[in-house]
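# An overview of the molecular structure
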Amino acid sequence: MKKLVKKIIAFSLCLTLLFTTSVIAIAENDVKGQYDYTITSPYDSVDWDNWNQYKASLHSHTDASDADQSIADSVKKHYDLGYQILAISDHAVLGTRWDEVPETVPIYRFFKFSRTGMRDPVVLTSEEREQIINGTYESAERDALAEQLGYELGGMLEITGSCEANGATPINDCHINTFGCTSVRAKMGVYGDFETVVRDCDKEGGFSFLDHTGEYVGRNLEDEWRAYEPYYANKFANIFLDYDSCVAFDVNSTRYDSVIWDQILQLTIPKGRNVPGIAFSDSHDIEDNDWAFTMMLMPELTEEAFEDCMRSGAWFSVGRVDTYYLGDDFNGTGNLPPAVSRIYIDNETDTISFTGSEFSNVQWISDGKIIAEGENLTSLDLNEYEDELGCYVRFQITGPGGILYSQPFVTMADGVEYDSDVYVTFDLSMVFRRFIDIFNLTLGHGIFVTIIKKLLWNHVW
């Protein structure tokens, strides 16, 4: 009997010790702070076990508008580079099947005669198109990449009906990528006017994203002060708050894109709108088709799944270069890019974690500031950073192949009221737009460019 009692006591002590050790371990991994957070992820709907990631090029050009690569050469090169989704978005040209010549706007091609030569656009044969779509087109480069990645790449999805609208603008480009709408394709641009095209595309039931917005601010070191001017963040925030169909903001084309993005998030998230970031090559030369892209999380490779993904924000943006974070001399071309294979959200422990590959450094960013950084910092406990954490946090990982940006995770602390003061900006461009719509002319070419640059740039805008 005594031996039985001793055994029961010993067993009970072991259980107590085991429980205590477990509690300590949990406590060490879960910092209990002042707040309990609700984390909302744009990847919440992703089935990580059954969905795939598809490499997508959503903004590139051909000699159908102002580039020097033909449609046929562009499609084949993207296929070689392992792309699985391609939307050619020429200036003012509505994307068609890859074996059909699209309706071009000759004046755009003439402006860049040195590139286009006003050549007749060359497209794929119907047989080549079919082979590329179903993945049977011969490509040693694509096969080698698939072997390196360790999985089959399959065919390449043809996205039609896309274009770069607001096609010609003076000083700097203010362009919008549109999908599924026709009325805006040849709308002539006015400097500073993103709003008109987004509004008209929304009316048609299409969707859009904003291209190389940093050019509107400036791409040089001396333009940094302008990137932090509240005017610009408020201007773009209003677009996203007014139009859900505007699905993303360019974060990798110019030096200050991501700087403005972080400011926009601070304005829109408290008002219920998370703004995804997007990356693309904007290539005009065949050698530039892999500068930046998106990795889209989709259940299948179809146009319907593509649109659902675009409207949800469930993708990663990847850039081979990033002058703001990686410096002017960095170029990751030729290396495997950073990749994320899974994201874990734990609202019980207030943590965000991920697994990935091909990266050597992790940065966690909130309210435009790096709040945590480290080589293996693949998990963030929000309670450790309560004093630095705003209404969102995002991570970006860097490696020899470039930089990958996650979408923002909304982080709302229970009992805390989040608000932002978004004001409506007044744009002189809206006045100009009225004249352009009347006469259907483009303001700013030739002598007008010189006048506007000398008199208005840095003074009015």
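Let me begin by describing the structure that accompanies this report. (Residues numbered from 1 in each chain as written. Predicted model: local features only at pLDDT ≥ 70, side-chain atom pairs only at ≥ 80, totals over all residues. Heavy atoms only, no water.)

The strands making up a sheet associate through backbone hydrogen bonding, with each pair oriented either parallel or antiparallel. If you walk across this open sheet you meet the 5 strands as S5-S6-S7-S8-S9, and the pairing is mixed. Unpaired on one side and paired on the other, strand S5 (162-165) and strand S9 (277-278) mark the two borders of the sheet. With 4 bridges connecting them, strand S6 (residues 176-179) and strand S7 (residues 207-210) associate as antiparallel partners. Counted as the bridge partner of Ile176 is Leu210 from S7. Contacting S5, S6, S7 and strand S8 (246-250), helix H7 (residues 195-204) runs over the sheet at an angle of about 10° to S6. In the packing of helix H11 (residues 257-268) onto the sheet, the strands contacted are S8 and S9, and the crossing angle to S8 comes to about 135°. (Pairing = 2+ DSSP bridges. Helix = DSSP H or I, 4+ residues; strand = E, 2+ residues; numbered from the N terminus. Contact = heavy atoms within 4.5 Å. Axes fitted to C-alpha atoms, helices over the stretch in contact; angles between N-to-C directions.)

This brings us to the packing of helix H10 (residues 230-242) against H11. Axis separation between H10 and H11 bottoms out at 9 Å; the angle between their running directions is 55°. One element, H10, and the other, H11, form an angle in the oblique class. Crossing angle aside, the handedness with which H10 passes H11 is right-handed. In this structure, H10 contributes Ala233, Asn234, Phe236, Ala237, Phe240 and Leu241 to the contact, and H11 contributes Ile260, Gln263, Ile264, Leu267 and Thr268. Partitioning the contact of H10 with H11 into residue classes produces 8 nonpolar, 3 polar and no charged. (Parallel < 35°, antiparallel > 145°, perpendicular 65-115°, else oblique. Left-handed = near helix turned anticlockwise from the far one by under 90°. Nonpolar A, V, L, I, M, F, W, Y, C, P; charged D, E, K, R; others polar.)

Turn by turn, an α-helix covers 3.6 residues, leaving residues three or four places apart pointing in a common direction. Of the positions making up H7, those classed as buried are Glu195, Thr196, Val197, Val198, Asp200 and Cys201. Two residues or fewer after H7 comes Gly205, characterised by a positive phi angle close to 90°. (Buried < 20%, exposed > 50% of the residue type's maximum accessible area, 1.4 Å probe, protein only.)

Strand order in the open sheet made by the 3 strands is S12-S13-S16, with antiparallel pairing throughout. One side of each edge strand has no neighbouring strand; the edge strands of this open sheet are strand S12 (339-346) and strand S16 (379-381). With direction set aside, neighbouring strand axes in the sheet form an average angle of 15°. The pairing of strand S13 (residues 351-357) with S16 spans 3 bridges and is classified as antiparallel. Paired with Ser353 across the strands is Ser379, a residue of S16.

The next thing to look at is a negative patch on the surface. Taken together, the side chains of Glu138, Asp143, Glu147 and Glu152 make up a negatively charged region of the molecular surface. Topologically, Glu147 is positioned in helix H6 (residues 140-149). Residue Glu147 is classed as exposed on the basis of its relative accessible area, which comes to 69%. (Patch = residues over 30% accessible without salt bridge, like charges linked within 9 Å, V, L, I, M, F, W, Y side chains within 5 Å. Areas by Shrake-Rupley, 256 points an atom, 1.4 Å probe, with all protein chains shown as cover. Salt bridge = Lys/Arg side-chain N within 4 Å of Asp/Glu carboxyl O. Lys, Arg positive; Asp, Glu negative; His and termini not counted. Charge placed at Lys NZ, Arg CZ, Asp CG, Glu CD.)

Our next topic: a nonpolar patch on the surface. Taken together, Ile107, Phe110, Phe111, Phe113 and Met118 make up a surface patch of nonpolar side chains, about 500 Å² in accessible area. Here the nonpolar patch gets 3 residues from one element, more than from any other, and that element is helix H3 (residues 106-111). By the element assignment, Met118 lies in the loop between helix H4 (113-116) and helix H5 (126-134). Met118 gets classed as partly exposed once you look at its relative accessible area, which sits at 32%.

So, on to the packing of aromatic side chains. Applying the stated criterion across every chain yields a total of 22 aromatic pairs. Among the aromatic residues, those joined into a ring-pair cluster are Tyr43, Trp48, Phe316, Phe354, Phe359, Trp364, Phe395 and Phe409. In this arrangement the basic side chain of Lys55 is found over the ring face of Phe293, its NZ or CZ atom lying 4.6 Å from the centre. The ring of Tyr79 has Arg142 lying over it, and the distance from NZ or CZ to the ring centre is 4.1 Å. (Phe/Tyr/Trp six-rings, centres within 6.5 Å; stacked < 30°, edge-to-face > 60°. Lys NZ or Arg CZ within 6 Å of the ring centre and 35° of its normal.)

Here we take up unusual backbone geometry. For residues besides glycine, phi is generally negative; the peptide bonds are generally trans as well. A positive phi angle is found at His212, which is not glycine, with a value near 20°. Checked against the element boundaries, His212 lands in the loop between S7 and helix H8 (214-217). Relative accessible area serves as the criterion here: at 2%, His212 is assigned to the buried category. If you check the backbone angles, Glu358 has positive phi at about 60° while not being a glycine. Inspection of the secondary structure assignment puts Glu358 in the loop between S13 and strand S14 (361-366). A residue is classified by how much of its surface remains accessible, and Glu358, at 38% relative accessible area, is partly exposed.

Glancing now at the pattern of salt bridges. Taken as a whole and assessed by the stated rule, the structure comprises 17 salt bridges. Among the ionic pairs, Asp290 bridges to Lys55, the shortest N-O distance being 2.9 Å. Note that Asp290 is positioned in the loop between S9 and strand S10 (292-298) and Lys55 in strand S2 (residues 52-57), a separation of 235 residues in sequence. When sorted by exposure, Asp290 lands in the same class as Lys55, which is buried. Across the pair Arg320 and Asp290 runs a salt bridge whose closest N-O atoms are separated by 2.9 Å. Here Arg320 is found in the loop between strand S11 (315-319) and S12, whereas its partner Asp290 is found in the loop between S9 and S10, with 30 residues between them in sequence. Each of Lys55, Asp290 and Arg320 takes part in a single network of salt bridges with overlapping partners.

With that settled, the discussion passes to empty space enclosed by the protein. Considering all chains together, one arrives at 1 cavity of 30 Å³ or more under this definition. Quantified by volume, the largest cavity comes out at close to 100 Å³. Within the lining of the largest cavity, the residues separate by chemical class into 7 nonpolar, 2 polar and 3 charged. (1 Å grid on protein atoms, 1.4 Å probe; cavity = no way out; pocket = protein on both sides within 12 Å on 5 of 7 lines; lining within 4 Å. Points joined across faces, edges and corners; volume = space filled by probe spheres on them.)

So, about the nonpolar core. A general feature of soluble globular proteins is that nonpolar side chains tend to end up buried together. In this structure, Leu58, Ile85, Met296, Phe306, Met310 and Trp364 are the most contacted members of the largest nonpolar core, which totals 65 residues. The residues touching Met310, leaving out its near neighbours within four places in the chain, are Leu58, Phe207, Phe209, Val247, Ile278, Met296 and Trp315. (Core = buried A, V, L, I, M, F, W, Y, C linked by side-chain atoms within 4.5 Å.)

By themselves these figures say nothing about function.
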